Amino acid sequence: QVQLVESGGGLVQAGGSLRLTCAASGRAFSSYAMGWFRRVPGKEREFVAGISGSGGTRYADSVKGRFTISRDNAKNTVLLQMNSLKPEDTAVYSCAADETPSFFVYAGPMEYDYWGQGTQVTVSS
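Residues numbered from 1 in each chain as written. Predicted model: local features only at pLDDT ≥ 70, side-chain atom pairs only at ≥ 80, totals over all residues. Heavy atoms only, no water.

### Some details on the pattern of salt bridges
As enumerated under the stated definition, the model contains 4 salt bridges in all. Put simply, Glu46 and Arg38 hold a salt bridge, and the shortest N to O gap is 2.8 Å. Residues participating in the shared-partner salt-bridge network are Arg38, Glu46, Arg66 and Asp89. (Salt bridge = Lys/Arg side-chain N within 4 Å of Asp/Glu carboxyl O.)

### Overview of the packing of aromatic side chains
For the coordinates displayed, the defined rule picks out 5 aromatic pairs. When the centroid spacing of 5.2 Å and the interplanar angle of 80 degrees are considered together, the rings of Phe37 and Tyr112 count as edge-to-face. Here Tyr112 lies in the loop between strand S9 (91-98) and strand S10 (114-115) and Phe37 lies in strand S4 (residues 33-39), a separation of 75 residues in the sequence. For the residue pair Phe37 and Tyr112, the accessibility class agrees, reading buried in each case. Among the aromatic residues, those joined into a cluster by ring pairs are Phe37, Phe47, Tyr112 and Trp115. Over the face of the ring belonging to Phe47 we find Arg58, whose NZ or CZ atom lies 5.9 Å from the ring centre. Its end group placed over the ring of Phe29, Arg71 keeps NZ or CZ at 4.7 Å from the ring centre. (Phe/Tyr/Trp six-rings, centres within 6.5 Å; stacked < 30°, edge-to-face > 60°. Helix = DSSP H or I, 4+ residues; strand = E, 2+ residues; numbered from the N terminus. Buried < 20%, exposed > 50% of the residue type's maximum accessible area, 1.4 Å probe, protein only. Lys NZ or Arg CZ within 6 Å of the ring centre and 35° of its normal.)

### A few points about the pairing of strand S3 (residues 18-24)
For a regular strand, side chains alternate in direction, first toward one face of the sheet and then toward the other. Of the two faces of S3, only one is covered, namely that formed by Leu18, Leu20, Cys22 and Ala24; the face formed by Arg19, Thr21 and Ala23 stays uncovered. For strand S1 (residues 4-7) and S3, the ladder comprises 4 bridges, and the chain directions are antiparallel. When the sheet's bridge partners are listed, Val5 is paired in S3 with Ala23. Direction of pairing for S3 relative to strand S8 (residues 77-82): antiparallel, over a ladder of 6 bridges. Looking at S8, one finds that Leu18 is bridged to Met82. (Pairing = 2+ DSSP bridges.)

Given below as structure tokens:
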């Protein structure tokens with residue numbers, strides 16, 4: 001079993017920054033692809049960014065150039081640095097782990113095996 005715990009959400013003004021952290025349990029963490037997703041009430045869960053076990057990254061078009069995903073395998077953590085935040089970035093952000101070894105980062109939530117509870121990000125205009 002893998003447990004994921006997110007932190008770092010909060011309220012920020014448009015144009016500001018936040019850094020989300022996902023802390024993971026599990027000895028095989030370094031081999032997992034990790035993803036960040038977000039959800040707004042009434043809408044489907046949306047892929048934001050992902051990073052493979054080898055460090056390859058993938059971003060949604062809506063966040064390219066503003067968000068950066070990284071991982072620290074020694075600390076079993078994944079970070080999402082969010083800059084130039086917009087009101088439309090407001091959502092609950094969750095991290096997820098794909099335990100199937102792969103060089104590929106999937107954008108579909110069905111590919112992920114474990115999920116955190118999420119952290120609220122609110123961007124005011």
